[in-house]
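Observations on the model geometry
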Number of protein chains: 2
Amino acid sequence: MSRFAHKPVLELADAHAQGLHSIGEAAKITGVSAKMIRHYETLGLVKPTDRTYANYRVYQTRDIHLLRFIKSGRDLGFSMKQIAILASLWQDSQRSSAEVKKLALEHISDMDERIKSLQQMRQALSDLAAQCHGDNRPDCPILDGLACTHKH
Amino acid sequence: MSRFAHKPVLELADAHAQGLHSIGEAAKITGVSAKMIRHYETLGLVKPTDRTYANYRVYQTRDIHLLRFIKSGRDLGFSMKQIAILASLWQDSQRSSAEVKKLALEHISDMDERIKSLQQMRQALSDLAAQCHGDNRPDCPILDGLACTHKH
DNA sequence: CTAAGGCTTACCATCGTGGGAAGGTCAACA
DNA sequence: TGTTGACCTTCCCACGATGGTAAGCCTTAG
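First things first, this report covers the structure right here in the doc. (Residues numbered from 1 in each chain as written. Chains lettered and ligands numbered in written order. Predicted model: local features only at pLDDT ≥ 70, side-chain atom pairs only at ≥ 80, totals over all residues. Heavy atoms only, no water.)

**Some thoughts on the pattern of salt bridges**
Under the counting rule described, the total for this entry stands at twelve salt bridges over all chains. Its salt-bridge partner being Arg57 of chain A, residue Glu41 of chain A comes within 2.6 Å of it at the nearest N-O pair. Of this pair, Glu41 of chain A sits in helix α3 (residues 34–42) while Arg57 of chain A sits in strand β2 (residues 57–58), and the two are 16 residues apart along the sequence. Where Asp112 of chain A meets Arg122 of chain B, a salt bridge forms, and the shortest distance between an N and an O atom there is 2.7 Å. In this pair, Asp112 of chain A sits in helix α6 (residues 97–130) while Arg122 of chain B sits in helix α6 (residues 97–131), so the two residues belong to two different chains. The class for Arg122 of chain B is partly exposed, based on a relative accessible area of 23%. It is possible to trace a salt-bridge network through shared partners that takes in Glu41, Arg51 and Arg57 of chain A. (Salt bridge = Lys/Arg side-chain N within 4 Å of Asp/Glu carboxyl O. Helix = DSSP H or I, 4+ residues; strand = E, 2+ residues; numbered from the N terminus. Buried < 20%, exposed > 50% of the residue type's maximum accessible area, 1.4 Å probe, protein only.)

**So, the relation of the copies chain A and chain B**
By a simple turn and slide, chain A fits onto chain B: the slide is 0.0 Å along the axis, the RMSD is 0.1 Å, and the turn is 180°. Taken together, these values place the two copies in the relation of a two-fold axis. For chain A, the minimum C-alpha distance to the rotation axis belongs to Ile115 of chain A and amounts to 2.9 Å. An overlap of 100% is found between the interface residues of chain A and their copies at the interface of chain B, pointing to a shared contact surface. (Least-squares fit on C-alpha atoms with pLDDT ≥ 70 in both. Contact = heavy atoms within 4.5 Å.)

**A closer look at the interface of chain A and chain B**
Taken together, the contact pairs 50 residues of chain A with 50 residues of chain B. Of the roughly 4,500 Å² buried between chain A and chain B on both sides combined, carbon and sulfur atoms contribute 73%. In this structure, the connection of chain A to chain B is made through 18 residue pairs in polar contact (both at pLDDT 80 or more). For the side of chain A that touches chain B, the elements supplying multiple residues, two or more each, are α4 (61–75), α5 (80–90), α6 and α7 (141–147) of chain A. With 21 residues, α6 of chain A is the largest single contributor of residues to the side of chain A that touches chain B. Residue composition of the side of chain A that touches chain B, grouped by class: 26 nonpolar, 14 polar and ten charged. (Buried area = accessible area lost by both parts, 1.4 Å probe. Polar contact = N/O pair within 3.5 Å; in protein donor to acceptor, adjacent residues only side chain to side chain. Nonpolar A, V, L, I, M, F, W, Y, C, P; charged D, E, K, R; others polar.)

Dropping the structure here:
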């Protein structure tokens with residue numbers, strides 16, 4: 001019953017024949033887990049174009065590109081909210097690159113803050129650790145530092 | 001009915017008279033929210049010594065110290081699991097400072113990894129942003145970079 | 001036909017924190 | 001005395017991104 005059905009793809013075999021992808025294939029291709037692909041769908045980010053008779057999700061090349069776009073965004077540390085905005089800009093031919101750059105710079109400064117905060121924690125702890133003998137005795141400047149309401 | 005009841009503190013007034021603290025006071029003193037103080041109790045970290053007749057939590061100086069210890073640990077980026085261990089070491093006179101130092105060094109190297117990862121993301125994004133004009137035109141190297149499965 | 005493995009939905013867990021509801025208690029003031 | 005407002009109690013829900021698991025259907029290879 002596959003025949004030459006054209007618009008609504010009806011069977012998995014048809015889908016494959018047309019270069020379309022099941023969720024598992026999309027996952028392998030893009031590096032986004034099937035779990036996450038479904039999750040992004042609930043967020044309204046990636047809607048599969050069709051379903052097979054058996055209710056399987058069917059993805060087109062366009063969807064694959066979008067998933068890769070999302071993955072790259074995550075790899076760069078953008079939140080899903082930011083990625084949703086970026087994806088809509090990506091698909092908007094009327095966008096201005098200034099909008100995108102603004103988001104990017106904001107995210108960079110977020111990361112700068114997080115880096116700075118981590119470095120400060122790291123330094124403070126490392127200072128304490130440097131004073132600690134690390135032997136069998138119980139005396140421990142690290143614990144003392146934690147107990148003494150360090151700086152504030 | 002307050003009188004001179006000694007052991008189980010019965011009323012809030014008694015508690016105050018004995019230098020004990022309600023959860024709200026403990027929160028103000030330690031900088032840990034009442035919400036979190038209750039949460040730490042469910043984690044088995046800080047059990048109030050007593051309750052008043054009205055079932056209010058009553059904290060002793062020892063508990064205040066412990067809350068401050070926890071807060072310092074959080075400020076240094078330790079997880080609650082790590083803090084639970086550190087707190088038990090803190091209260092264990094038989095501890096060896098080596099145990100504490102080991103935890104600290106592990107945490108430092110965790111932070112180092114996170115810092116490095118953030119710095120890499122920051123650098124990659126910043127490289128893309130540097131190529132972006134940020135004007136009214138839609139051409140955008142940032143979006144191009146996200147779309148083109150950047151590096152992997 | 002059967003067994004393996006992919007797909008579906010739906011629910012729960014993480015981790016630390018905050019918010020809110022519904023109800024009891026305390027302190028101060030009229 | 002009564003009221004009011006601030007505080008306390010427990011219980012449940014939310015975030016963000018991801019993983020896990022279970023029960024049940026579908027597909028495909030043998």
